[in-house]
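# Tertiary structure, described
So the chains spell out like this:
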Amino acid sequence: MINKKVANVHDALKGMSDNMTLMLGGFGLSGIPENAISELVKLGVKGLTCISNNAGVDDFGLGLLLQKKQIKKMVSSYVGENDEFERQMLSGELDVELIPQGTLAERCRAAQAGFPAVYTPAGFGTEVGEGKETRDFDGKMYVLEHAFKADFAFVKAWKGDAAGNLMFKGTSRNFNPNMCGAAKITVAEVEELVPLGTLDPNQIHIPGIFVQRIFQGAHYEKRIEQRTVRQRD
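Counting from 1, residues in each chain are numbered in the order their sequence is written. Residue-level local features of this predicted model are given only where pLDDT is at least 70; pairs of side-chain atoms are given and counted only at 80 or more, and the full residue set underlies all totals for whole chains, interfaces and linings. Side-chain descriptors were evaluated using all non-hydrogen atoms of the structure, hydrogens and water having been removed beforehand.

The name given to the chain in an unreviewed UniProt entry is CoA transferase subunit A, with the source organism recorded as Flavivirga rizhaonensis. UniProt positions are given in the numbering used here, feature names are shortened, and annotations may be inferred rather than shown by experiment. The UniProt entry for the chain carries the following comment under Sequence similarities (unreviewed entry): "Belongs to the 3-oxoacid CoA-transferase subunit A family."

This is the structure we're talking about:
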């Protein structure tokens, strides 16, 4: 069995450089690779193209990279709660490609599965479909969307082992599974790195073949983007 465990986040990000394309898992602040993002800030790499559902908030998640002007392009489905993301997009400082959420997921999955492209009806007849190849299937029009090409995919899982097998918990099982194996190098950070043979094979969501590096994460904040509670009587 290939041992994919690395000592820490610093070793996990070896090979990172300016102008790379990255995939980052998570939805809002749920299931984001907090340790990897913090290390990217420390490394100071710039000119990054980031593929992620959104960009967190101003002072957390990808918002930290936006504050440092380390991202040149965001490929996302929506702006979300990040005011700095919105400001940079409207001012023209940041190149932004907004994609229907399902299309974003499928372009990740296509890369994971080795498909060069997929057809989707989403966006046909709108700005999303302008300039793209279209085709009629059984009387319905579809848009050809190409699979993403990324240098690194950074994902967050609940549990994992040295072989790279991963288990996700709750809503963190969002974009993370689709990004595993969808880039040249997939780096997984986990809350619990367990010995080989500990994970029930029937409970593994992503097999280790889709992961190149794995490390034990630390100091997770797990912030809640919008905390909603019931009003007291």
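Right, let's talk about the overall build of the chain for a bit. The secondary structure content of the chain amounts to six helices and 11 strands. A compact globule built from 233 residues should have a C-alpha radius of gyration of about 17 Å, and the chain, at 18 Å, falls within 12% of that. The dimensions of the chain, computed from C-alpha atoms along their principal axes, are 50 × 50 × 40 Å. Each residue is assigned to one of three classes by its accessible area relative to the maximum for its type, calculated with a 1.4 Å probe on protein chains only: buried under 20%, partly exposed between the two thresholds, exposed over 50%. Split into buried and exposed, the 233 residues of the chain put 49% on the buried side. Here a residue-residue contact requires only that any non-hydrogen atoms of the pair lie within 4.5 Å. Considering only contacts in the chain between residues 6 or more positions apart, those separated by 24 or more positions represent 72%. Reported accessibility uses the Shrake-Rupley method at a 1.4 Å probe radius. Residues are deemed covered only where the shown protein chains occlude them. Split by element, the accessible area of the chain, about 11,900 Å² in all, is 49% carbon and sulfur. Residues counted as positive are Lys and Arg, residues counted as negative are Asp and Glu, and His and the chain ends are not counted. Charge positions come from single atoms, namely NZ of Lys, CZ of Arg, CG of Asp or CD of Glu. Side chains of the chain give 27 positive and 29 negative charges; the mean places of these two sets differ by 5 Å. Secondary structure follows DSSP: runs of H or I at least 4 residues long count as helices, runs of E at least 2 residues long count as strands, and numbering of each begins at the N terminus. Taken over C-alpha atoms, the radius of gyration is set against a globule rule of 2.2 Å times the number of residues to the power 0.38.

Looking now at empty space enclosed by the protein. Rolled over the atoms, a probe with the dimensions of a water molecule shows which regions are left empty. Lining residues are those with an atom within 4 Å of a point, where the points come from a 1 Å grid over the protein atoms alone and group into cavities, where a 1.4 Å probe fits but cannot get out, or pockets, open sets with protein on both sides within 12 Å along at least five of seven lines. Grid points are joined across faces, edges and corners, and a volume is the space filled by probe spheres set on the points. One pass over the full model with this rule turns up one cavity of 30 Å³ or more. Contributing to the lining of the largest cavity are 14 residues, with G28, I32, S52, N54 and L62 lying nearest its centre. Gly is put with the polar residues, along with every residue not named as nonpolar or charged; the nonpolar set is Ala, Val, Leu, Ile, Met, Phe, Trp, Tyr, Cys and Pro, and the charged set is Asp, Glu, Lys and Arg. Across the lining of the largest cavity, the residue classes tally to seven nonpolar, seven polar and no charged.

Only strands that DSSP links by at least two bridges are regarded as paired with each other. Direction of pairing for strand β8 (residues 150-161) relative to strand β10 (residues 183-194): parallel, over a ladder of 10 bridges. Directly across from A153, in β10, lies its bridge partner T186. Relative to strand β11 (residues 213-216), β10 runs parallel, the two sharing four bridges. Residue E189 lies in a different strand from β11, and its bridge partner there is F215.

What follows is about the sheet that holds strand β5 (residues 117-120). Pairing between the strands of a sheet comes from backbone hydrogen bonds, and it takes one of two forms, parallel or antiparallel. In space, the three strands of this open sheet follow the order β5-β7-β6, with antiparallel pairing throughout. Looking at the sheet topology across the chains shown, the edges are occupied by β5 and β6 (134-137). Adjacent strand axes in the sheet meet at a mean angle of 35 degrees when their direction is disregarded. Bridge analysis of β5 against strand β7 (residues 140-146) gives four bridges, and the strand direction is antiparallel. If you follow V118 over to β7, its bridge partner there is E145. Inter-axis angles, ranging from 0 to 180 degrees, are taken between N-to-C directions of lines fitted to C-alpha atoms, where helices are fitted over the stretch in contact.

The salt bridge definition used is simple: a Lys or Arg side-chain nitrogen within 4 Å of an Asp or Glu carboxyl oxygen. Under the defined criterion, the tally for this structure stands at 12 salt bridges. Two residues, K14 and D11, come together in a salt bridge whose shortest N-O distance is 3.8 Å. Judged by its relative accessible area of 23%, D11 falls in the partly exposed class. Between K184 and D151 there is a salt bridge, and its shortest N-O distance comes to 3.6 Å. Here the residue K184 occupies a position in strand β10, and D151 occupies one in strand β8, the gap between them amounting to 33 residues. Given a relative accessible area of 64%, K184 falls into the exposed group. Taking the relative accessible area as the measure of exposure, D151 reaches 19% and is therefore buried.

Looking now at unusual backbone geometry. You will see that K69, though not glycine, has its phi angle at about 55 degrees, which is positive. Within the secondary structure, K69 is located in the loop between α3 (63-67) and β3 (71-76). Although it is not a glycine, H219 adopts a positive phi angle of roughly 55 degrees. Mapped onto the secondary structure, H219 falls in the segment after β11.

Okay, the nonpolar core next. For this analysis, a nonpolar core means a set of buried residues of the types Ala, Val, Leu, Ile, Met, Phe, Trp, Tyr and Cys, connected via side-chain atoms within 4.5 Å. In this structure, M23, L104, F148, L166 and M179 are the most contacted members of the largest nonpolar core, which totals 28 residues. Broken down by secondary-structure element, the contributors of at least two residues to this core are α5 (101-113), β8 and β10. Looking at which element gives the most residues to this core, the answer is α5, with five residues. Non-local contacts of L166, meaning those with residues more than four positions away in its chain, are made with V155, A157, K159, G160, C180, A188, V190, I204, H205, I206, V211 and I214.

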